[in-house]
Amino acid sequence: MKFRCEREILADVLATASRGATNSGGTSPVLSGVRLDVADGVLTVTGTDLELTIRASVPVGSDSTGSAVVPARLTADIVKSLPAGSVEVELTDEQMMIRAQRSEFSVRPLALADYPTLGEPSTEPFTVPAADMADALRQVVRAASPDEGRVVLTGVLIAADDDGVKLAATDSYRLAVRDLPQGSLMRSGDQVLVPARALNEVQRLLGSAEEMRVHLGELDAVFEIGDVRITTRLIKGDYPNYRNLIPASYPNTVTVGRDALLEALRRVRILAQGTTPVRLLLGADQLQLSAITTDVGEASEHLDASYSGDEMTVAFNPEYLAAGVDAVAGDEVVIAVIDPMKPAVLRGAGHDEYLYLLMPVRVP
Amino acid sequence: MTGAGEPRVILHVDMDAFYVSVELLRRPELIGLPVVVGGDGNRGVVAAASYEARRHGVHSAMASVTARRRCPDAVFLPADHQRYAEVSAQVRAVFDSVSPHVEPLALDEAFLDVTGARALLGEPIEIATLVRSRVADEVGLGCSVGVASNKFVAKLASVEAKPIAAADGVRPGRGVVIVAPGDEASFVAGLPVERLWGVGPKTLARLHDIGIRRVPDIVEAPPGLLEARIGAAAGAHLRRLALGIDDRPVETDRTAKSIGQEETFGSDVADLDAARAELVRLADAVAARLRTSTLAARTVTLKVKFADFQTVTRSVTEGAPLDTAVEIVTRLEPALAEVVSRGALRLLGVSASNLVEPVRQLDLWSSGTDQPAHDSADRALDEIRARFGRSSIGRASGLKPRTR
């Protein structure tokens with residue numbers, strides 16, 4: 001089997017599929033490779049760790065048909081480093097030759113027979129506009145837990161009811177919830193728990209696409225964006241009930257410029273080392289941020305803000321707070337607080353479709 | 001701080017049979033009986049014994065089985081560390097009202113530098129008596145006070161003030177023992193050398209080798225002899241202590257870089273359960289001091305000295321800052337199991353360092369409850385179970401005094 005492709009294009013599909021082949025050093029050496037399939041003038045590159053599979057296709061110059069598994073990282077690195085222009089790849093059972101201008105590499109392939117068989121999606125796809133979904137994922141995925149010890153929280157809940165579709169993620173310290181208008185994504189009452197890791201990959205690809213096709217199965221979800229297909233296992237288990245966490249009313253709300261707050265937080269965080277929280281002092285038409293790290297120093301920032309409520313100090317993990325402020329839409333962020341021990345809510349002013357609920361840090 | 005020429009006034013306050021006395025506050029019917037706090041199972045360890053029980057040779061860190069054999073009539077009570085920490089905080093409040101310079105050593109003892117309090121509160125004897133009567137009135141507990149110009153002598157003096165558990169009965173102690181400035185050396189001279197700080201069995205044997213048995217022998221030892229036998233630094237240190245000299249300041253936890261607690265055992269500990277019980281007790285004291293000082297530790301360290309005097313430390317720095325005994329025990333338990341497997345322990349120590357504000361990221365699913373109280377109730381339960389086994393907590397409420 002032999003094919004020809006522009007270096008830029010080949011490097012791109014290899015890089016995309018390699019992001020699925022993360023099982024380096026795992027039990028099955030073949031999973032550290034990407035599978036190459038050529039047929040009818042199309043090259044398909046597949047990387048998988050059995051949980052997440054990324055498949056990317058691209059037209060190439062070829063009249064042959066064949067398959068092989070080659071080392072993912074090595075092949076991607078070689079192709080990326082070649083001079084711009086046409087690259088020729090020739091595969092036999094013993095070796096893969098990569099040639100471009102006066103460069104020539106030979107790489108030993110992995111065992112094709114050991115590569116797992118990956119199924120095709122069995123359900124009919126729904127089509128959703130890419131921009132809506134990209135925005136929603138950007139806002140929600142960040143709140144999922146990275147802790148594999150709590151598998152359910154590593155997922156994003158996508159659930160449909162009569163009002164529309166809700167995306168929700170929480171790591172038990174914060175919760176992000178985004179409403180999407182009811183489209184054709186799911187039937188009311190349906191819900192799936194999709195690993196945040198897969199949705200991060202989806203998000204990366206959505207920027208350049210117009211629309212996305214989604215297949216939701218019993219065990220898997222498949223996202224098709226252009227010529228890339230991402231297949232992920234769904235997470236089994238009961239997602240915690242988050243709806244009753246969202247307080248009905250807030251006696252204290254502060255409205256402040258989103259960019260100004262982000263800038264101030266960025267500066268204060270320089271002194272919020274280790275586990276040091278950032279304290280928000282809420283008072284009449286002012287928001288003061290401060291961080292004190294013992295034996296190191298302290299930082300404080302004053303921001304113009306409109307505030308209604310009791311004067312109080314609430315402390316937060318600065319990273320979580322910044323992630324929330326960054327996620328909301330619009331120029332102004334509204335922070336609503338009950339007391340220093342209860343969850344606070346962040347919203348974009350006039351953007352009720354998204355909320356970011358954040359538990360404070362208890363300080364002495 | 002005081003001027004160079006003016007002697008300091010240091011109090012060492014030591015609660016009398018603290019755990020037991022706290023229990024007797026709520027079980028007055030047991031007063032006068034031998035009472036043992038600790039696990040009474042086969043593998044239990046004595047955490048504290050009343051003076052009546054001590055008359056029968058029962059002491060802390062002894063296997064409960066042995067205690068039961070020596071004193072079959074003793075009433076065994078499970079330890080309630082949460083309660084001891086609470087009462088300790090009440091005692092601490094009395095200390096804090098007397099002087100801003102309080103250095104807690106454990107839940108049941110502390111140094112107070114009262115040099116600056118004399119103008120307000122009177123002579124050292126008056127201050128010491130005031131502390132005793134206020135602890136008795138406000139907390140309902142007895143304590144013994146040693147007064148001297150330094151920490152070392154004050155701590156020795158408080159021992160002389162203690163109640164006496166003799167074979168024929170328990171006699172009240174002197175309550176307050178004062179070593180006047182200038183009398184430090186003669187006070188120390190009357191004590192056995194092993195009472196000097198840093199003199200363990202190994203050093204003691206070396207001192208005996210060169211004919212030193214009494215404290216004055218150290219002072220009179222020819223220059224170089226002592227140092228050649230036990231090392232230059234240790235020799236110089238012993239000569240100063242033998243003269244009753246100790247310049248260490250009373251250090252409050254708030255200003256300390258670390259908070260630690262260690263225990264040298266009466267007999268070497270080879271059993272993991274017994275070592276674990278000691279770890280819990282030390283962690284409990286360190287955690288209580290952290291909370292009293294509004295501090296939390298990012299690093300906790302286990303220190304052990306083996307029977308052959310080899311010293312080993314193991315530190316753990318991870319996760320959120322901690323200030324509870326359960327968290328300290330959880331972090332240090334693996335290291336303890338490892339060292340106990342290597343040999344019998346002569347000393348065990350726990351210290352907390354990398355001290356920061358005790359901040360805690362709250363959890364969405366715990367909101368609405370009074371989280372700290374909720375935590376500590378759980379922790380109290382965990383601690384009792386961690387120390388005495390899961391079944392102990394069931395027995396506690398149904399426990400009947402064994403008064404024959």
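Residues numbered from 1 in each chain as written. Chains lettered and ligands numbered in written order. Predicted model: local features only at pLDDT ≥ 70, side-chain atom pairs only at ≥ 80, totals over all residues. Heavy atoms only, no water.

Chemist: How should I be thinking about the interface of chain A and chain B in this particular structure?
Modeler: Where the parts come together, the accessible area they lose is often given as the size of the interface. Taken together, the contact pairs 28 residues of chain A with 18 residues of chain B. At the boundary of chain A with chain B, total buried surface from both sides reaches about 2,000 Å², with 63% on carbon and sulfur atoms. In this structure, the connection of chain A to chain B is made through 1 salt bridge. Between Arg-279 of chain A and Glu-357 of chain B there is a salt bridge, with its nearest N and O atoms 2.6 Å apart. Our count for the chain A to chain B interface comes out at 6 residue pairs in polar contact (both at pLDDT 80 or more). (Contact = heavy atoms within 4.5 Å. Buried area = accessible area lost by both parts, 1.4 Å probe. Salt bridge = Lys/Arg side-chain N within 4 Å of Asp/Glu carboxyl O. Polar contact = N/O pair within 3.5 Å; in protein donor to acceptor, adjacent residues only side chain to side chain.)

Chemist: Hey, could you run me through the pairing of strand β1 (residues 10-15) of chain B in this one?
Modeler: Residue and element names in this part refer to chain B. For β1, the buried fraction is high: 6 of the 6 residues fall into the buried class. Side-chain alternation along β1 places Ile-10, His-12 and Asp-14 on one buried face and Leu-11, Val-13 and Met-15 on a second face that is also buried. Relative to strand β7 (residues 143-148), β1 runs antiparallel, the two sharing 6 bridges. Each bridged residue has a counterpart across the sheet, and for Ile-10 the counterpart in β7 is Ala-148. (Buried < 20%, exposed > 50% of the residue type's maximum accessible area, 1.4 Å probe, protein only. Helix = DSSP H or I, 4+ residues; strand = E, 2+ residues; numbered from the N terminus. Pairing = 2+ DSSP bridges.)

Chemist: Is there a simple way to think about the side chain of Asn-252 of chain A in this case?
Modeler: Residue and element names in this part refer to chain A. Here Asn-252 shows up in strand β17 (residues 252-257). Residue class for Asn-252 comes out buried when judged on its relative accessible area of 1%. Polar contacts involving the side chain of Asn-252 include one to the main-chain amide nitrogen of Asp-310, which spans 2.8 Å. A distance of 3.2 Å separates a polar side-chain atom of Asn-252 from the backbone oxygen of Ile-338.

Chemist: How should I be thinking about helix α7 (residues 151-160) of chain B in this particular structure?
Modeler: For an α-helix, 3.6 residues make a turn, and residues three or four places apart therefore share a direction. All names here are of chain B. Counting buried residues in α7 gives 7 out of 10 residues, a clear majority hidden from the surface. Among all positions in α7, only Lys-151, Phe-152, Val-153, Ala-154, Leu-156, Ala-157 and Ser-158 are buried. Sitting at the amino-terminal end of α7 is Asn-150, which places a side-chain oxygen 3.2 Å from the backbone nitrogen of Phe-152.

Chemist: Before we go on, may I ask you to explain the confidence of the model for chain B in this structure?
Modeler: In regions of low pLDDT, the predicted coordinates are not meant to be interpreted in detail. Residues and elements named next belong to chain B. Scored by pLDDT, chain B has a mean of 83; 87% of the residues are at 70 or more. Note that pLDDT drops below 50 for residues 368-374; the model gives that stretch 6 contacts with residues more than four away or on any other chain. Both scores are given for the predicted complex: the pTM is 0.65, the ipTM 0.84. (pLDDT = per-residue confidence, 0-100.)

Chemist: Whenever I open this one, the side chain of Arg-8 of chain B confuses me. Can you help?
Modeler: Residues and elements named next belong to chain B. Positionally, Arg-8 belongs in the segment before β1. Buried charge without a partner: Arg-8 forms no salt bridge, and the closest opposite charge is Asp-113, 4.8 Å away. Separated by 3.2 Å, the side chain of Arg-8 and the backbone oxygen of Asp-246 make a polar contact. Polar side-chain contacts of Arg-8 include one of 3.0 Å to the backbone oxygen of Arg-248. (Lys, Arg positive; Asp, Glu negative; His and termini not counted.)

Chemist: I keep staring at the sheet that holds strand β5 (residues 66-71) of chain A and nothing clicks. Help me out?
Modeler: Paired through their backbone hydrogen bonds, the strands of a sheet run either parallel or antiparallel. Residues and elements named next belong to chain A. Spatial strand order, β5-β2-β3-β4-β16-β15-β14-β9: 8 strands in an open sheet with antiparallel pairing. Looking at strand neighbours, the two that pair on one side only are β5 and β9 (126-129), the edges of this open sheet. Across the sheet, the axes of successive neighbouring strands diverge by a mean angle of 20 degrees, strand direction being ignored. With 4 bridges connecting them, strand β14 (residues 211-216) and strand β15 (residues 220-225) associate as antiparallel partners. Counterpart to Leu-216 in the pairing with β15 is Ala-221. Lying on the sheet, helix α1 (residues 7-18) is in contact with β2 (33-39), β3 (42-48), β4 (52-59) and β16 (228-233); it crosses β4 at an angle near 165 degrees. Those strands touched by helix α2 (residues 72-81) are β2 and β5, and its axis lies near 95 degrees from that of β5. (Axes fitted to C-alpha atoms, helices over the stretch in contact; angles between N-to-C directions.)

Chemist: Whenever I open this one, a nonpolar patch on the surface confuses me. Can you help?
Modeler: Among the surface-exposed residues, Val-219, Leu-243 and Ile-245 of chain B lie close enough to one another that they form a single nonpolar patch of about 200 Å² accessible area. Along the chain, Leu-243 of chain B turns up in the loop between α12 (232-242) and β11 (258-269). (Patch = residues over 30% accessible without salt bridge, like charges linked within 9 Å, V, L, I, M, F, W, Y side chains within 5 Å. Areas by Shrake-Rupley, 256 points an atom, 1.4 Å probe, with all protein chains shown as cover.)

Chemist: Mind showing me how you'd approach the packing of aromatic side chains here?
Modeler: When we look at a pair of aromatic rings, we describe it by the centre distance and by the angle of the planes. Using the criterion set out here, one finds 4 aromatic pairs over all chains in the structure. Judged by centre distance (6.1 Å) and plane angle (15 degrees), the ring pair of Tyr-173 of chain A and Tyr-320 of chain A falls under stacked. Placement of Tyr-173 of chain A in the loop between β11 (164-170) and β12 (174-181) and of Tyr-320 of chain A in helix α6 (residues 318-327) is noted, with a sequence separation of 147 residues between them. Looking at Tyr-173 of chain A, the relative accessible area reads 26%, which means it is partly exposed. Tyr-320 of chain A gets classed as buried once you look at its relative accessible area, which sits at 15%. Taken together through their ring pairs, the aromatic side chains of Phe-18, Tyr-19 and Tyr-84 of chain B make up a single cluster. Over the ring of Tyr-51 of chain B we find Arg-54 of chain B; its NZ or CZ atom is 4.4 Å from the centre of that ring. Positioned over the ring face of Trp-197 of chain B is Arg-248 of chain B, at 4.1 Å from the centre of the ring. (Phe/Tyr/Trp six-rings, centres within 6.5 Å; stacked < 30°, edge-to-face > 60°. Lys NZ or Arg CZ within 6 Å of the ring centre and 35° of its normal.)

Chemist: How do you make sense of the environment of Thr-299 of chain B when you look at a structure like this?
Modeler: Residues and elements named next belong to chain B. Looking at where Thr-299 falls in the secondary structure, it is placed in strand β12 (residues 296-306). Accessibility expressed as a relative area gives 9% for Thr-299, which makes it buried. Filtering out sequence-adjacent residues up to four positions away, Thr-299 remains in contact with Ser-315, Val-316, Thr-317, Ser-351, Ala-352, Ser-353 and Asn-354. A distance of 2.7 Å separates polar atoms of two side chains, one belonging to Thr-299 and the other to Thr-317.

Chemist: Please clarify how the sheet that holds strand β10 (residues 176-178) of chain B should be interpreted in this entry.
Modeler: All names here are of chain B. Pairing is mixed across the open sheet formed by 5 strands, whose spatial order is β5-β6-β1-β7-β10. The two strands at the open ends of the sheet, each matched to only one other strand, are β5 (102-106) and β10. Averaged over all pairs of adjacent strands, the angle between their axes in this sheet comes to 15 degrees, without regard to strand direction. Packed onto the sheet, helix α4 (residues 81-98) meets β1, β5 and β6 (109-113) and runs at close to 155 degrees relative to β5.

Chemist: Just to check I follow, could you spell out the packing of helix α5 (residues 258-268) of chain A against α6 of chain A for this structure?
Modeler: Helix packing for two helices is described by the angle between their axes and how far apart those axes are. Residues and elements named next belong to chain A. Interaxial distance between α5 and α6 falls to 10 Å at its minimum, and their mutual angle equals 155 degrees. One finds that α5 runs roughly antiparallel with respect to α6. Crossing of α5 over α6 shows left-handed handedness. The segment α5 lies against α6, with Arg-258, Leu-261, Leu-262 and Leu-265 engaging Leu-321, Ala-322, Val-325 and Asp-326. Looking at the contact of α5 with α6 residue by residue, the class counts come to 6 nonpolar, no polar and 2 charged. (Parallel < 35°, antiparallel > 145°, perpendicular 65-115°, else oblique. Left-handed = near helix turned anticlockwise from the far one by under 90°. Nonpolar A, V, L, I, M, F, W, Y, C, P; charged D, E, K, R; others polar.)

Chemist: I'm lost on the nonpolar core in this one. Help?
Modeler: Burial of nonpolar side chains together is a common tendency in soluble globular proteins. Ranked by size, the top nonpolar core spans 104 residues in total, and within it Leu-10, Leu-36, Leu-167, Leu-261 and Leu-289 of chain A carry the most contacts. Of all hydrophobic cores here, the second largest spans 42 residues; its members include Val-22, Ala-79, Val-87 and Phe-95 of chain B. (Core = buried A, V, L, I, M, F, W, Y, C linked by side-chain atoms within 4.5 Å.)

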